[in-house]
Amino acid sequence: MSLFILSVFSLITVVVDATLGSTHASCRNIPGDAGWPAPSAWNQLNQTLDGRLIATIPLAHVCHEPTYSGTECTNLQHAWDTPEIMIPQPAEFMASWFQNQSCTPFTDESTQCELGNYASYSINVSSPSDVVSGLAFAQEQNIRLVIKNTGHDFYGKSTGKGALSLWVHNLDSKQIIPSYNSSHYNGPAVKIGAGVSGGDAAAFASQHGYRIVAGSCPTVALAGGYTQGGGHSYLTGLYGFGADNVLEWEVVTTDGKHVVATPTQNSDLYWALSGGGGGTYGFVISMTSRVFPDGQIAISTMTFNVTTAGGVEEFWDAVKVFHTYLQPLVDDHGMVAEYLISNETLDLFGMMAPGFTRASLTQAMDPMIAALSKNVSGGLTAEKVNLTVADGDGYYNLYAAIVEPLTLQDTIPPVNGGRFVSRENMAANASAVNAALRAATANGAFTVAVTALNSEGPSRAVPAIADNAMQPAFKDAFMSVIITADWSWENSWAEAAVLQDEFINVVLPNLEAATPNAAAYNNEANWQQPEWQQNFYGSTYDRLLSIKHTYDPNGTLYGLTAVGSEAWSQDADGRLCPSGAV
Ligand SMILES: Cc1cc2nc3c(=O)[nH]c(=O)nc-3n(C[C@H](O)[C@H](O)[C@H](O)COP(=O)(O)OP(=O)(O)OC[C@H]3O[C@@H](n4cnc5c(N)ncnc54)[C@H](O)[C@@H]3O)c2cc1C
């Protein structure tokens with residue numbers, strides 16, 4: 001059955017530009033513009049694609065007239081923004097700031113369901129030729145093109161008003177290569193389609209006795225924005241970032257060529273795709289990545305709070321002690337820790353210790369527990385912090401048992417931002433870092449999520465496969481911090497703007513002051529963070545921009561904060577237009 005549903009436009013309202021014409025000859029056309037493709041053109045494209053073109057009907061149309069259904073709407077409200085709802089849908093995306101209430105389950109049923117920042121159509125990509133057709137159509141018709149995988153992007157890069165979206169999800173092949181041979185690597189590898197999630201890739205590698213570098217959130221696409229943007233992992237202390245392990249990218253470039261990029265073939269494209277940001281240089285069909293024999297590993301969890309620490313001052317003293325003793329575990333032993341800090345609680349939901357047993361990890365943590373017991377007036381003993389230590393002979397099983405259930409439902413509330421805390425920042429003024437974390441969470445509006453890691457420590461077992469565009473500042477980071485505004489869909493939408501303002505003008509400057517030169521992870525920050533070229537890409541930016549100009553000279557691929565995106569801006573109607581910048 002064809003999924004192509006032109007009749008959607010009788011069900012939901014499409015905002016039509018009253019001027020019926022774009023404001024600039026080279027702006028991308030949006031629905032209502034004179035240059036917007038006629039229904040016959042879309043029909044023709046759908047035929048070329050054997051029926052794999054899908055017109056967008058936002059999920060939340062069931063919450064709005066004329067298609068309102070009370071039961072379906074209530075169900076959707078409970079599940080809204082969860083990965084399992086968003087990922088199987090071609091045009092849904094998680095960044096609620098960019099959903100912008102155009103069609104959510106939380107506005108009144110009498111308000112119209114509008115497409116807003118949703119792509120207008122998606123191609124359910126099943127082969128490189130589908131991508132070639134989509135690229136050609138978008139270029140001929142001068143419409144916006146986006147690539148959507150899982151829709152996890154913080155900046156809404158996988159969606160766009162009036163866009164034709166290349167939906168990656170069903171490129172889900174997985175293959176073990178027991179002995180990959182090349183001049184830069186000989187050994188086991190995995191080749192995955194670009195739609196395979198990190199969790200699926202890790203489970204697949206594990207079934208064959210291997211580990212793969214994947215994120216702690218299982219639902220992110222491994223070969224999508226994750227590895228293309230760098231990709232931190234519980235295994236980064238041993239094997240580096242996701243981008244460090246790529247052997248091959250299979251790509252359709254914006255001129256429709258189907259190519260392979262390796263360290264020795266199309267090497268500039270390989271370099272840029274390995275860390276230089278998703279959705280920027282071409283459409284990735286598949287990725288081949290180095291894997292490692294699985295082996296012994298341990299994990300620890302613990303938590304303490306204002307009550308168990310004996311008061312607010314004592315709690316923040318304990319946070320400082322925790323960091324003092326965490327850093328050598330991370331720096332010297334390749335451990336990676338993930339934890340949440342609010343104004344009341346620190347929750348270490350997983351510190352992964354490759355090579356450790358339950359006994360050796362317990363012993364390694366003794367100094368931290370002793371210091372928390374002795375130096376904090378609440379006396380945070382192992383019992384009081386609910387210390388748990390477990391081990392196993394494989395990474396994935398331990399991860400799946402302890403971490404995955406906690407991160408499976410992770411999503412993106414409207415306001416988030418990010419910042420690294422470098423090892424230099426800790427050495428220079430750890431008290432200032434502690435004070436900045438305290439200030440960020442003080443009024444209860446924001447929570448801090450930390451990944452503590454060291455990609456360059458003595459436990460690093462292998463260098464990167466080749467030089468790549470990994471953010472240089474990530475290599476100096478002790479913490480990669482995400483600051484998230486606590487959000488309830490019972491809030492008025494105006495409160496999101498207040499939180500955004502507070503984050504950009506108060507919380508972030510405070511943290512920046514305590515973390516000079518530290519930058520921010522390009523995948524996990526806020527779209528309004530200043531000097532994003534420097535902060536998200538650093539010294540790689542100029543070369544990335546030159547590669548962008550080589551592989552996408554006409555700016556077919558645009559994403560907010562992506563390399564080269566300064567050449568475009570959105571007008572008041574959401575139409576993408578040349579900005580006049582280079
Ligand atoms: C809940 C949550 C948990 C996260 N956990 C981690 C983590 O543990 N470690 C970590 O490093 N990061 C993590 N991230 C950040 C994550 O890596 C980025 O959001 C990443 O961009 C998601 O990529 P995606 O392809 O899954 O998402 P999408 O939103 O679909 O795509 C992201 C970007 O990549 C592009 N893209 C996707 N597929 C392709 C393709 N085939 N070809 C070309 N471009 C493509 C898109 O166009 C877009 O620009 C997390 C994010 C969230 C929301």
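Fair warning: this is a prediction, and the values are worked out from it, not measured in the lab.

## Focus on the sheet that holds strand S4 (residues 164-167)
- Read across the open sheet, the four strands follow the order S1-S2-S4-S3; overall the sheet is mixed. Both edges of this open sheet fall to strand S1 (53-55) and strand S3 (145-148), since each of them pairs with a single strand only. Between one strand axis and the next, the sheet turns through 30 degrees on average, direction left out of account.
- Along the sheet, helix H2 (residues 39-48) contacts S1, strand S2 (121-124) and S4; its crossing angle with S1, the most-contacted strand, is approximately 140 degrees.

## A look at unusual backbone geometry
- Omega for the peptide link from Glu-65 to Pro-66 comes to 10 degrees, which places this bond in the cis form.
- By secondary structure assignment, the location of Pro-66 is in the loop between S1 and helix H3 (70-79).
- Of note in the backbone geometry, Asn-142 takes a positive phi value of approximately 55 degrees without being a glycine.
- The residue Asn-142 is located in the loop between helix H6 (128-141) and S3 in this model.
- Of note in the backbone geometry, Thr-561 takes a positive phi value of approximately 75 degrees without being a glycine.
- Within the element layout of this structure, Thr-561 appears in the loop between helix H20 (541-551) and strand S19 (568-570).
- Owing to a relative accessible area of 4%, Thr-561 belongs among the buried residues under this scheme.

## Points about the pattern of salt bridges
- Enumeration according to the criterion identifies 12 salt bridges in this entry.
- Here Asp-33 and Arg-575 are joined by a salt bridge, their closest N and O atoms 2.8 Å apart. With a gap of 542 residues between them, Asp-33 in the loop between helix H1 (8-11) and H2 and Arg-575 in the loop between S19 and strand S20 (576-578) connect regions that are remote in the sequence. Across the pair, exposure class does not vary: Asp-33 and Arg-575 are buried alike.
- Between Arg-438 and Glu-313 there is a salt bridge, with its nearest N and O atoms 2.9 Å apart. Of this pair, Arg-438 sits in helix H16 (residues 423-441) while Glu-313 sits in helix H12 (residues 312-333), and the two are 125 residues apart along the sequence.
- Residue classification places Arg-438 among the partly exposed positions, given a relative accessible area of 28%.
- For Glu-313, a relative accessible area of 46% puts it in the partly exposed group.
- Beyond isolated ion pairs, a larger network of salt bridges with shared partners links Asp-33, Asp-571, Asp-573 and Arg-575.

Quick notes on the rules
- Residues numbered from 1 in each chain as written.
- Predicted model: local features only at pLDDT ≥ 70, side-chain atom pairs only at ≥ 80, totals over all residues.
- Heavy atoms only, no water.
- Pairing = 2+ DSSP bridges.
- Helix = DSSP H or I, 4+ residues; strand = E, 2+ residues; numbered from the N terminus.
- Axes fitted to C-alpha atoms, helices over the stretch in contact; angles between N-to-C directions.
- Contact = heavy atoms within 4.5 Å.
- Buried < 20%, exposed > 50% of the residue type's maximum accessible area, 1.4 Å probe, protein only.
- Salt bridge = Lys/Arg side-chain N within 4 Å of Asp/Glu carboxyl O.

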